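Inside the fold
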Amino acid sequence: MEPFPSNDRIQLPRNMIENSMFEEEPDVVDLAKEPCLHPLEPDEVEYEPRSSRLLVRGLAEHEIDEDEEDYESSAKLLGMSFMNRSTGQRNSTTNYRQSSGGSCSAPSVRTTVICAVVLVIAASVIMAIYLLPKCTFTKEGCQTKKHPAELVYPLATNGQRFPWVKIRLPSAVVPVHYDIALQPNLTTLMFSGSIQITVNVLEVTWHIILHSSRLHITKATLTPLGSSQPKPVEFLEYPMNDQIAILAPEALLVGHNYTLNMEFYSNLSDTYSGFYKIAYNSSTERWLAATQFEPLAARSAFPCFDEPAFKATFTVKVKREQQHSALSNMPKIKTTPVTDGIVQDEFSESLKMSTYLVAVIVGDLANISKETNGILVSVYSVPHQLDQAEYALDTAVKLLEFYQKYFDMKYPLPKLDLVAIPDFQAGAMENWGLITFRETMLLYDNKTSSAMDKNKVTTVIAHELAHQWFGNLVTMEWWNDLWLNEGFATFMEYFAMKENFPELYNDDFLNLRFKTMVMDYLNASHPISLAVQSQGEIEEMFDTVSYGKGASLLLMLKNYLGESTFTAGIQSYLHDHSYKSTRSDYLWDSITKVTGGNVDVKKLMKTWTHQKGFPLVTVTTKGKQIFVEQQRFMQNMELENQTIHSSYLWNIPLSYTTSNVSSFFSSYAYLLANQSAVITLSDSVAWVKFNIESNGYYIVKYDDDNWKVLIQLLKDDSTALTSSDRANLIHDIFHLAGLGLVPLGRAFDLIEYIGKENNTGPITEALYQVNLIYNLVEKRGMLTLAAKIVKKVVNILGDKIKKQEWMNSGCLSEQELQSTLLTFACSHNLGNCSATAAALFIEWMNSNGTKSLPANIMKIIFTAGAKTEIGWHFLLKMYSSLVSETEKLKVLKALASTDDVGKLLRLMRTSLEGIQIRSQDLSLILRTVSQTLPGHLLAWDFVKENWEQLIRKFHSGSFTIRNIVTSTTCQFSTEEHLREVKSFFESQSEETAQLRCVQEAIETIQLNIQWMNINLVNLEKLLQ
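Residues numbered from 1 in each chain as written. Predicted model: local features only at pLDDT ≥ 70, side-chain atom pairs only at ≥ 80, totals over all residues. Heavy atoms only, no water.

1. Details of the overall build of the chain
Scanning the chain from terminus to terminus reveals 31 helices and 31 strands. Sorting the 1024 residues of the chain into buried and exposed places 60% on the buried side. Total accessible area on the chain is roughly 39300 Å²; 52% of this is exposed by carbon and sulfur atoms. (Helix = DSSP H or I, 4+ residues; strand = E, 2+ residues; numbered from the N terminus. Buried < 20%, exposed > 50% of the residue type's maximum accessible area, 1.4 Å probe, protein only. Areas by Shrake-Rupley, 256 points an atom, 1.4 Å probe, with all protein chains shown as cover.)

And the structure:
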């Protein structure tokens, strides 16, 4: 899945597609804890008493860790005798030494002493039990591991005992094939359905446990294979884990197949997951129904074994109104009339796949198609936008041909559909054979879309097509290894771009690596391979770390092993595990095999996948010797635990070059597997530069002499190092300066050279780092100091800004630079930038929006227009009538950039309502509003006031909520705001306070406070 991209690294456009969100990427767990690497067996439920609520938790399986309220029934089972006994005691003592007058006489001294002794003994026994290690708590009390006891099972909705206690499904019964029939009603906005699941029994059992969420099941039958007599069966529901239990009338036998039939109905969802409804306007309001099942929402559309390892084949039938069309993963094989105006489409049987990849769309759609190597590729959209689909079709065909050749494996389905969905939370979703996209991620308008928009569309298509192999053909066994899907797809999107669209390839991957590090150095980060169980924990895995770090580690490994070895390893992995589920180790084993055992890839990579964070490599040069030392890079010094800090150790594939190398394309490699090492050179060198092209996932700190030489090197010759190496130096030195490890003046000294820089990457990184400082100072109300920061940048880049023209010209990199510099200039009212933009807007407005504007600077022009009352209202009117989604997105960003608080509040409320402005864009609006001085507190207040509605609409663990929380708090830098943010989330619930995004937000504020404490005085002196 491609989470919706966010440009939260900087106000200026970085054009980063996160996946997804990452949004960019989202996106559940106590983040201060490391994952449990050794899950307990059912009879080894560890009990570590901490509170009365955890006493109740200890009664059930260790894996059940949802809200405590759902354990009330289990607590009653165990505690009823105690409560009855206590009640009886209270009743028996009611008349204790009570006089006839109703007064109670005092107990004797002897009685008092005896009671005191009894209380002491009772307290001692309780403490002994309470502190007993490795205790299994069951009906019989505290049992040791050597004496397994009966588990306490939860109660189903009808009060009967539910026969399963874990969040994960049992493996006694597995699905083989699903026959699914669905009928969405786009008038009543409900759907009904039936399902027939063929299951195979691997262990003797009396029940079948599977998933169902918010479905009203009206009928259930079970039939042994070969029998024609279905037997009605009782079923139990346990909503806490979204599970149902089918109670078989007789034992289900090993090796036998059975057919489970169910009928059900439900409402079309009004969120962005499951089988959900979408309203959109053509000439009138229309409805469309679409599915979004990843990660855990297939269960809300039909009962199923909703875990990625339970792969099966699927046959889908859809009943629809005759005027609509229906799509699913496979080609349609026939359409049959059902009743007046209703027909049924039947689709061919799918390949073996996971439930989260099943997809159905029903509505009024149009398409264009093209065939390649026997595969029909189609792009669908609502009819009035079909003229924007051609670029996506050509791109998909080209990338499909490339991937088949690169993976040495044919795309296995007969068709591939790409569908633009009018209202879609994620950036895109890789459903096998039926990929769904947000409209701005698939549609391209030649008149209003910029080169940056084309780049974005191309990268998202590349990401989702890569998933057709990584994720669909070969799937992670469980969500703890989500990075196998998303990290690979992210890595491949940039690799495919570079190979097939060199004119669109830019510094996006470099920017993604920098962005990922900003999240991964937080204590609230997590290893990319992390034990997860609950829905919230799983949803939070869809974040920048899973996407960006996964991709970054693959890039580092590819450069260490060499491209041919790495590619052969990928091909081996795909061929060996097609239609199966895998773990990280399977990938490392495949790559190790192609090295001939010369590299223990598993040993190398586990130090990166099982540890959060990344290393700081300290480099000191003395004559012919380079001393290198590693430690964990930690930004938050308050949270730093030296013992844990020093225990982190990575196998780091170091790359470096020196002043003695004739070309910067030549470099050396060294594997640092210990805490420190010494590299001996053949000759003394003037300087060294580690982490060539920033292909390694680490930060480098040089000794002061080496920093001085590198800075002077770039001042003398800005092309002495590659553009990626120049951006890498800027990135590293500002992060080190933030901790006081390098003087802040040294960092500003480094960026003095960028006046000569002609590449977008280093300039964008420099402006991003300076903009972070500017935002902290401005939001503190220190406007004089903020103006001095702007003046510093103007002194460096003023001449380059003046050279920018107000037209589309040059390659992608040149257009990005133009957009970046003009955005900076107009944001700070430099020169005649704002006046020029305002004049262009007036011309466009006077033409009623028909005049053509340069697409790459269109947002800058709209933003200037939105500063006026008439301009803002004109843009809002145009937003509703524009056909181009990319143009509408630029309008929306401009509307959210106004300084008028009333208008900003109206915009946020309208988007939350989701009628005039779609709710899918709310996080973008909040992020944009937060960047303005009047809006940054307003956006945070809006989040607080509407928190309950936000988490109902987007789910608390989603990447959308993560983006909303982090973007509206990331510029706070005072103790007052820190207390306010902590207090707000703690007041909601324990679960909310422990959300990873909340922990990230709190830690970011702490880092901002720390930065100001370390550097504010130095900054003021520096800018005098």
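2. Some points on helix 20 (residues 833-846)
An α-helical segment advances 3.6 residues per turn. Residues three or four places apart therefore align on the same side. Its 14 residues give helix 20 an end-to-end C-alpha distance of 20 Å, which sits within 8% of 20 Å, the value for a rise of 1.5 Å per residue. The inward-facing, buried residues of helix 20 abut helix 19 (812-827), helix 21 (858-865), helix 22 (869-881) and helix 23 (885-895). Asn 848 sits one or two residues past helix 20 and shows a positive phi near 60°. (Expected span 1.5 Å × (residues − 1). Contact = heavy atoms within 4.5 Å.)

3. With respect to the side chain of Arg 918
When you line up the elements, Arg 918 lands in the loop between helix 24 (901-913) and helix 25 (922-931). On the accessibility criterion, Arg 918 (14% relative accessible area) is buried. Excluding its chain neighbours within four sequence positions, the residues that come into contact with Arg 918 are Pro 422, Asp 423, Glu 439, Tyr 879, Glu 885 and Ser 911.

4. Quick look at the sheet that holds strand 19 (residues 375-381)
On the basis of which strands lie adjacent, the open sheet formed by 5 strands has the order 18-19-20-22-21 and mixed pairing. Edge positions in the open sheet fall to strand 18 (366-372) and strand 21 (428-429), since each of these has one partner strand only. Here strand 21 pairs with strand 22 (residues 434-438) via 2 bridges, running antiparallel. By the bridge assignment, Met 429 is partnered in strand 22 with Thr 436. Along the sheet, helix 5 (residues 451-467) contacts strand 20 (415-421), strand 21 and strand 22; its crossing angle with strand 22, the most-contacted strand, is approximately 150°. (Pairing = 2+ DSSP bridges. Axes fitted to C-alpha atoms, helices over the stretch in contact; angles between N-to-C directions.)

5. Observations regarding unusual backbone geometry
Look at the link from Glu 294 to Pro 295: it is a cis peptide, with omega at 0°. Tracing the chain through its elements places Pro 295 in the loop between strand 12 (285-292) and strand 13 (313-321). One non-glycine residue, Tyr 579, lies in the positive phi region at around 65°. Following the sequence through the fold, Tyr 579 ends up in the loop between helix 10 (563-576) and strand 24 (580-582). Of note in the backbone geometry, Asn 691 takes a positive phi value of approximately 65° without being a glycine. One can find Asn 691 in the loop between strand 30 (688-690) and strand 31 (699-702). Look at Asn 691 and you get buried, because its relative accessible area is 0%.

6. Focus: helix 7 (residues 508-520)
Given a rise of 1.5 Å per residue, 13 residues ought to cover 18 Å, and the 18 Å separating the end C-alpha atoms of helix 7 matches this to within 8%. Burial of helix 7 is extensive: 12 of the 13 residues sit out of reach of the surface. Taken together, the buried positions of helix 7 are Asp 508, Phe 509, Leu 510, Asn 511, Leu 512, Arg 513, Phe 514, Lys 515, Thr 516, Met 517, Val 518 and Asp 520. Residues of helix 7 that are buried in the fold lie against helix 5, helix 6 (482-500), helix 9 (544-561), strand 31, helix 15 (723-738) and helix 17 (760-779).

7. Quick word on the sheet that holds strand 17 (residues 360-363)
In spatial order, the strands read 11-12-17-14; together these 4 strands make up an open sheet with antiparallel pairing. Edge positions in the sheet fall to strand 11 (274-281) and strand 14 (325-328), since each has one partner strand and no second. Geometrically, the sheet is characterised by an average inter-axis angle of 15° between neighbouring strands, direction not taken into account. Of the pairings in the sheet, the one linking strand 14 to strand 17 comprises 4 bridges and is antiparallel in character. Across the sheet, Ala 326 pairs through a bridge with Val 362, a residue of strand 17.

8. Let's talk about the state of the cysteines
In protein chemistry, a disulfide is the covalent bond that joins the sulfur atoms of two cysteines. Going through the model one piece at a time under the given rule, you end up with 1 disulfide. Residue pairing for Cys 826: its cysteine sulfur links by disulfide to Cys 833, the two sulfurs lying 2.0 Å apart. The S-S bond linking Cys 826 to Cys 833 shows a torsion near -85°; that makes this disulfide left-handed. A residue is classified by how much of its surface remains accessible, and Cys 826, at 14% relative accessible area, is buried. (Disulfide = S-S within 2.5 Å.)

9. Digging into the confidence of the model for the chain
Looking at the chain as a whole, its pLDDT mean stands at 87, while 84% of the residues score no less than 70. Across residues 7-106, confidence stays below pLDDT 50; counting only partners more than four residues off in sequence or on other chains, it has 256 contacts. Within the model, the stretch residues 128-147 combines pLDDT values under 50 with 38 contacts to residues more than four positions away or in other chains. (pLDDT = per-residue confidence, 0-100.)

10. Considering the packing of helix 6 against helix 9
At a minimum axis separation of 7 Å, helix 6 and helix 9 run at an interaxial angle of 65°. Like other packed secondary-structure pairs, helix 6 and helix 9 cross with a definite hand, here right-handed. Residues Leu 482, Trp 483, Glu 486, Gly 487, Phe 488, Thr 490, Phe 491 and Phe 495 of helix 6 touch helix 9, and the partners they reach there are Ser 546, Tyr 547, Gly 550, Ala 551, Leu 554, Leu 555 and Lys 558. Split into classes, the residues belonging to the contact of helix 6 with helix 9 amount to 9 nonpolar, 4 polar and 2 charged. (Left-handed = near helix turned anticlockwise from the far one by under 90°. Nonpolar A, V, L, I, M, F, W, Y, C, P; charged D, E, K, R; others polar.)

11. What about the pattern of salt bridges?
Per the stated rule, a full pass over the model turns up 34 salt bridges. For the salt bridge of Arg 918 with Glu 885, the shortest nitrogen-to-oxygen distance reads 3.4 Å. Placement of the pair is Arg 918 in the loop between helix 24 and helix 25 and Glu 885 in helix 23, with a sequence separation of 33 residues. In terms of burial, Arg 918 and Glu 885 fall into one category: buried. Shared partners join several salt bridges into a network, and the residues in it are Glu 439, Glu 885, Lys 888 and Arg 918. (Salt bridge = Lys/Arg side-chain N within 4 Å of Asp/Glu carboxyl O.)

12. Digging into the side chain of Lys 903
Its location among the elements puts Lys 903 in helix 24. With relative accessibility at 9%, the residue Lys 903 sits in the buried group. Setting aside its immediate chain neighbours within four residues, Lys 903 contacts Glu 869, Trp 872, His 873 and Thr 898.

13. Some thoughts on the environment of Thr 886
Note that Thr 886 resides in helix 23. Separated by 442 residues in sequence, Thr 886 and Tyr 444 place their C-alpha atoms 7.6 Å apart. Once you skip the residues sitting within four places of it in the chain, Thr 886 turns out to touch Thr 440, Leu 443, Thr 448, Ser 449 and Asp 453. Side chain to side chain, Thr 886 and Ser 884 meet in a polar contact 3.0 Å long. (Polar contact = N/O pair within 3.5 Å; in protein donor to acceptor, adjacent residues only side chain to side chain.)

14. Some details on the environment of Asp 481
Within the secondary structure, Asp 481 sits in the loop between strand 23 (474-476) and helix 6. The class of Asp 481 is buried, set by a relative accessible area of 5%. Sequence separation of Asp 481 and Thr 582 is 101 residues, and the distance between their C-alpha atoms is 8.7 Å. Leave out the neighbours within four places in its chain, and Asp 481 touches Met 476, Ser 529, Arg 583 and Ser 584.

15. Some thoughts on the packing of aromatic side chains
All chains considered together, the criterion is met by 47 aromatic pairs. One aromatic cluster is present, formed by Phe 402, Tyr 403, Tyr 406, Phe 407, Tyr 411, Trp 469, Phe 470, Phe 488, Phe 491, Phe 495, Phe 566 and Tyr 573 through successive ring pairs. Here the basic side chain of Arg 161 rests over the ring of Tyr 153, its NZ or CZ set 4.3 Å away from the ring centre. Sitting over the face of the ring of Phe 627, Lys 622 holds its NZ or CZ atom 5.6 Å from the ring centroid. (Phe/Tyr/Trp six-rings, centres within 6.5 Å; stacked < 30°, edge-to-face > 60°. Lys NZ or Arg CZ within 6 Å of the ring centre and 35° of its normal.)

16. Observations regarding the nonpolar core
Of all hydrophobic cores here, the largest spans 310 residues; its most connected members are Phe 302, Tyr 403 and Phe 690. Among all residues touching Phe 302, those that are not within four sequence positions of it are Tyr 178, Ile 180, Ile 195, His 211, Leu 215, Phe 264, Phe 293, Phe 314 and Val 358. (Core = buried A, V, L, I, M, F, W, Y, C linked by side-chain atoms within 4.5 Å.)

17. What to know about the pairing of strand 5 (residues 205-211)
Burial analysis of strand 5 places 5 of its 7 residues in the buried class, which makes it a mostly covered element. Relative to strand 9 (residues 243-252), strand 5 is paired through 6 bridges, and the arrangement is antiparallel. From the neighbouring strand, His 211 faces strand 9, where its bridge partner is Gln 243.

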